[in-house]
Every structure is written in C-alpha cells, then in structure tokens.
Amino acid sequence: MTSVALRRSVRGVSLGPYVVAGLILLFLGAFLVVPVLKVIQVAFQDPGTGGFTLVNFQDFFNSALFRQSFFNSLYVAGVSVVIATVIALPLAYFTSRFNFSGSVIIQTLSFVPLIMPPFIGAVAMQLLFGSNGSVNLLLRDHFGITVPFMDGLNGVIFVQSIHYFPFILINLSASLHNIDRSMEEAAQMLGSSGLRLFRKIVFPLAMPGYIAGASLVFVKVFDDLGTPLLLNVNTMLAPQAYLRISSVGISDPMGYVISTILIVFSVFAMWVSFLGMHGKDYSTTQKGGGGIARRDLRPHEAAACYLVVFLILGIVLAPHLGLLLLSFGTVWSFSVMPDGFTVDHYGTALTSAGTFIKNTLIYAGLAGLIDIVLGTAIAYVVMRTGVVGRKWLDHIAVAALAVPGVVLGIGYLRMFYGIEMPGTGQPLATWWGIIVIALAIRRLPYALRSCTAALQQIAPALEEASENLGASKLRTVRRIVVPLMAGGLVAGFVTSFATAAVELSATIMLVSSENDAPLSYGLYLFMQSAAGRGPGAALGVMAVVIVGLATYLSHRLVEKARRDRSTPENSGGHR
C-alpha cells in the first residue's frame, strides 16, 4: 500500500502545487507587482511621446515645492527615529536591566500606541499640545512661555514618534533578552561599568534589534499620508503624491515621480538595515543568551526610573486620553479641559457612520479571508513542496511591506481606471472590490507570517501518514493541515482584519463615493470640521476598541495554540 501511495504521490506531485503557485503568482502579479511597475514606468515616461525620459525627475528637483517636500520627508523620518529611540531606549533598558514592580504593566502600556493609527489621535494631540492646547495654556498662565510642540513639521514628528516607537521597543527588548550574559560579565571583570559598559558592550550586542526597529519606523513615517493631511502639513512627499493625483489627475507625471521616490526610499531603508548587519557577528555562545544581568534598584534609583517611565508613558498615552476627552466633550477650544461632557457624540457617530462601519466590516472581513487563504497556500507551497522558485512567492508577498499605501492606490487607479466593469460601464477602479483587494495586499505579510508559523509547528509525518492511508494531497490539506493550523489562521485573520479596518493611505485614493467608504475614510471626513470632531473622536474610540479587542483576541488564540502544542509534548516526555 505504501508503494502505491508513493507512486500516486510522485504522479500527483507534479501538477497541483504548480497550479496553485501559478494562481498565487498571477494574483500577486496583477495586484502588486504590475501596478507598482506601472507607477515606475509612468515616472520615466514622456507624457507626450510615451518614450523613456528623465525630464520628469528633472522637473521634480527643479520645483522648490517638491524639493522642500523631499527634504521635509527625510527630516521628519530621521528626527522621528531619533525621538522614538529616546523614548524606547529607557523603557527597554529599565525593564530588561532592573528588578522593579510593574515592569510587565509598563511594557504592556508601551505597546498601546500601536493599536491606534496616528491620524486618529492627531487632532486630539492638537487640543492637548497645540499652540492653544491644554499644555501650552498652562505654560502660558504659569510661566509665560509656550512650546511649539505641534507647529508645522514638529506636530508630524511628535505624533509619529510616540505612535511608532513601540517598533523599536519590541525589537530592542527582544535583543536585550537574547544577549549572552557572559560577555557582559567578562567586561565587568575587566573594569567596565555604567555608561561605558552599555555603550561598548550591551548596545552593540542589541544592535540587530535596534536597526530592525529603527528602519521600520523610518519607512512608516516616510510613507505616512493621514497624519500630515489631518495636521494640514502638505509639504511632504506622501501628501504631495495624493494631492497631485486627486487634483491634477492620474495623467500628471509628478504623482508617479513622487511615488517612485517613496518606493526607492522604502527599499533603501530595508537595504540599510541589511547593510548594518552585513559582515558583523552579533551571535551569542548560548541558546537564548540569558539576557543582560538584572539587579535591584536602590531607593533613589527606583525613584528616578519611575519618574522617567511615568513621564514617558504620560506623553505616549496622551493621544488616547485626548481622543477620549474629545469624544465626550461638548466644546473644547482655548481651554485646558472641555467645557462640558456628553454622550451625544456616540449617538451621532452610530447614526451618521452606519454605512462606514458596515463597509469596514465587509471590506476588512473579506481582506482578512483573502489573506489567510493566500497565506496558507504560500506557506504550504514554500515549505511542503518542491516547486521551482517557490521562495519567490514569499519574497513577493512580503515585498508589500515596502510599498506605501498611497503608491498602491495610485497604481490601481492607473491600471484599472481605463477598464470598464461589465454591465455597468463604470471604471473598475471605482468598484468597492478594488478597495478590498488593496487592503488584502497591504496586510498579506502579517497573515503570511502567522500562517507560516502555524505550519512550522505541524510535523510533515502527519501528512505522510494521511497520504499513506490513501488520502489525496488536497484532502490531507483540508482534513489534517488546516484544522491543525486553526489557531494561527484565526490569529492571522484577526491581525489582517484589525489593521485593515483603520487603513487610510490606500483607501483614500480609491474611494469614489461616500456610500463605498470605509471607517478610516469616515474618520478623515469627520475630523475635517470642528463640528465633526466630537463624533469623529467617538468613532475613533470605537475603532481603537475594535482594534484593541482584535489584538487581544489574536494574542489569546496564539497563546492557547502554544499551550495546546506544549501539553502533549510535556505529557509524552513524562511517560
């Protein structure tokens, strides 16, 4: 029976995996690779003749506005990385180095900013830290000074830094926990301590995690569209790309030139991350490393640490507090706190934004479903088959991380606006399904990682046993592999759903009418007027709660799956 199954496997190996890989490649090519290449092609295309030209880039750098936008984007991204480092480094080091109560709560609260997209809290930050915000009103009344926290580019840097710093914190904390403790002890025996020990030994060993987090912060800030738009800062690349396409039209070459520059710098940041690691050995001599040595704090040291930590947490959690106050406030203008409080904004948000909420549930749900189907298929083809070039499926899918949402939106407009939908005659780019596909492409890397991790936990012997008993490859995948991957699939779906629900950069380019608009677009519309900010904040609180609950559910499912896997192993080990 075994030989028969093996012969059937050899005959059937053949076509199935290649068909699946071909369909995946076709989908990724049509909705990721080709639109991005089209954007790059148009950037180098003469609008009149259609031939190759560099004139578009020459015109870009000859324009004072575009030069200013280019350097502003670099400046904002670079300074945001520096400030995010200043915020993340103490939190990572204190919670890794010292024994003090509340370290788990501190790390948990430090990750909270990630569940709220920065554009949602930007208006609340204006009310707290703007020129007439709560903090500056208190400073003016008591000290006669004001600080331009939110003026111009400062506001973008401030909002982005306190939103994206957890990327550095997560990666840096992981690196500190994996450092080989013997290296630190050897340095101490040779007389190194304090700042010198940190600068010469600890931080260089944690450099891989820091560079990974810092490069991710740079890319996220450089490509962000929503925050500058809501803060009315248009002299940056992403807002300029959006404004050129939305006001001048999809035939304007400058929008494509800017999009190409955004892609180049996203890829460049990832390349710098790789270059920083290339040729350097950061490995440790023991599994897990043991982490840097912990010690107890003296009373005055504990007081200083708590002061720094509470100050940082107070700043990074300010957008959430401001959004909550704004959602309940009646009038909040030129005052430290709202003049009064009401729940009417939530009623207005629910009645006015019903279409936005319904669309978001449909779009994000479909995008999450597409992602787990694609993620499972890619993971299986890469890890369980011998398809030639299968690794490229993974590389192409993950490359979506380097494509800004505004670029993907512009690519879809250019590709699909000239294609009419059958029966309606409307451009395909105006169909709501294109928004779903854009969200799925944008969030595919997250679902793919969850699916890959889940598949790695399944022993190939289980599939071999199923096939030896006569089951086909498809039946084995459906009855054995997918059920065992259930925890990872649900986690991937929840992650894709939660992040797609508040995606703005791609959707703002593709929404053709308010009837087809998702929640993020509705939030953007509400926040455009003073009268709509209360209901918009209420809607933002709902979005944060949805994302927070989805994130919590995802973590619980992953932990449950991990416990379920470890229980049989532990019981088997005791026999």
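Look above for the structure.
Residues numbered from 1 in each chain as written. Predicted model: local features only at pLDDT ≥ 70, side-chain atom pairs only at ≥ 80, totals over all residues. Heavy atoms only, no water.

So, on to the overall build of the chain. On a plain count of helices and strands, the chain comes out with 27 helices and 2 strands. Taking all 575 residues of the chain together, the buried fraction comes to 51%. For the chain, contacts bridging at least 24 residues in sequence account for 76% of all contacts bridging at least 6. Just so you have it, the chain exposes about 26,600 Å², and 66% of that area is on carbon and sulfur atoms. (Helix = DSSP H or I, 4+ residues; strand = E, 2+ residues; numbered from the N terminus. Buried < 20%, exposed > 50% of the residue type's maximum accessible area, 1.4 Å probe, protein only. Contact = heavy atoms within 4.5 Å. Areas by Shrake-Rupley, 256 points an atom, 1.4 Å probe, with all protein chains shown as cover.)

Taken together, the side chains of Ile362, Leu366, Leu369, Val373, Trp431 and Trp432 present a nonpolar region at the surface, about 510 Å² in accessible area. Tracing the sequence through the fold places Ile362 in helix 18 (residues 354-384). Ile362 sits in the partly exposed class, given a relative accessible area of 37%. (Patch = residues over 30% accessible without salt bridge, like charges linked within 9 Å, V, L, I, M, F, W, Y side chains within 5 Å. Salt bridge = Lys/Arg side-chain N within 4 Å of Asp/Glu carboxyl O.)

On inspection of all chains with the given rule, the structure shows 1 cavity of 30 Å³ or more. Here the largest cavity defines a volume of roughly 60 Å³. Pro113, Met116, Pro118, Gly121, Ala122, Val159, Ile162, His163, Val316, Pro319 and His320 together form the lining of the largest cavity. Elements that contribute at least two residues to the lining of the largest cavity include exactly helix 6 (118-129), helix 8 (153-177) and helix 16 (318-328). (1 Å grid on protein atoms, 1.4 Å probe; cavity = no way out; pocket = protein on both sides within 12 Å on 5 of 7 lines; lining within 4 Å. Points joined across faces, edges and corners; volume = space filled by probe spheres on them.)

Our focus in this paragraph is helix 2 (residues 16-43). Over its 28 residues, helix 2 extends 39 Å from the first C-alpha to the last, a length consistent with the 40 Å expected when each residue adds 1.5 Å. Along its length, helix 2 reaches its greatest deviation from straightness, about 50 degrees, at Gly29. (Expected span 1.5 Å × (residues − 1). Bend = angle between axes of the 7 residues up to and from the residue.)

We now examine the nonpolar core. Of all hydrophobic cores here, the largest spans 167 residues; its most connected members are Tyr412 and Ile441. Per-element accounting of this core gives the leading share, 13 residues, to helix 8. (Core = buried A, V, L, I, M, F, W, Y, C linked by side-chain atoms within 4.5 Å.)

Here the focus is the packing of aromatic side chains. The geometry of an aromatic ring pair is captured by the separation of the ring centres together with the interplanar angle, meaning the angle of the planes. Following the criterion strictly, the structure yields 24 aromatic pairs and no others. Where Phe129 meets Phe158, the ring centres are 5.0 Å apart and the plane angle is 75 degrees; that geometry is what we call edge-to-face. Of this pair, Phe129 sits in helix 6 while Phe158 sits in helix 8; the two residues are 29 residues apart in sequence, bridging distant segments of the chain. Members of the aromatic cluster, each reached through a chain of ring pairs, are Phe60, Phe61, Phe66, Phe70, Phe71, Phe218, Phe222, Phe265, Phe268 and Trp271. (Phe/Tyr/Trp six-rings, centres within 6.5 Å; stacked < 30°, edge-to-face > 60°.)

On to the environment of Leu428, then. Within the element layout of this structure, Leu428 appears in the loop between helix 20 (405-416) and helix 21 (432-456). Along the sequence, Leu428 and Tyr417 sit 11 residues apart, while their C-alpha atoms lie 5.8 Å from each other. Not counting residues up to four positions away in its chain, the partners in contact with Leu428 are Phe416, Ile419, Met421 and Ile434.

Right, let's talk about the pattern of salt bridges for a bit. Taken as a whole, this structure holds 4 salt bridges when the rule is applied. Across the salt bridge formed by Arg449 and Asp394, the nearest N and O atoms sit 3.3 Å from each other. Residue Arg449 is found in helix 21, and its partner Asp394 is found in helix 19 (residues 391-398); the two are separated by 55 residues along the sequence. Given a relative accessible area of 40%, Arg449 falls into the partly exposed group. Note that Glu503 is salt-bridged to Arg443, the shortest N-O span being 2.4 Å.

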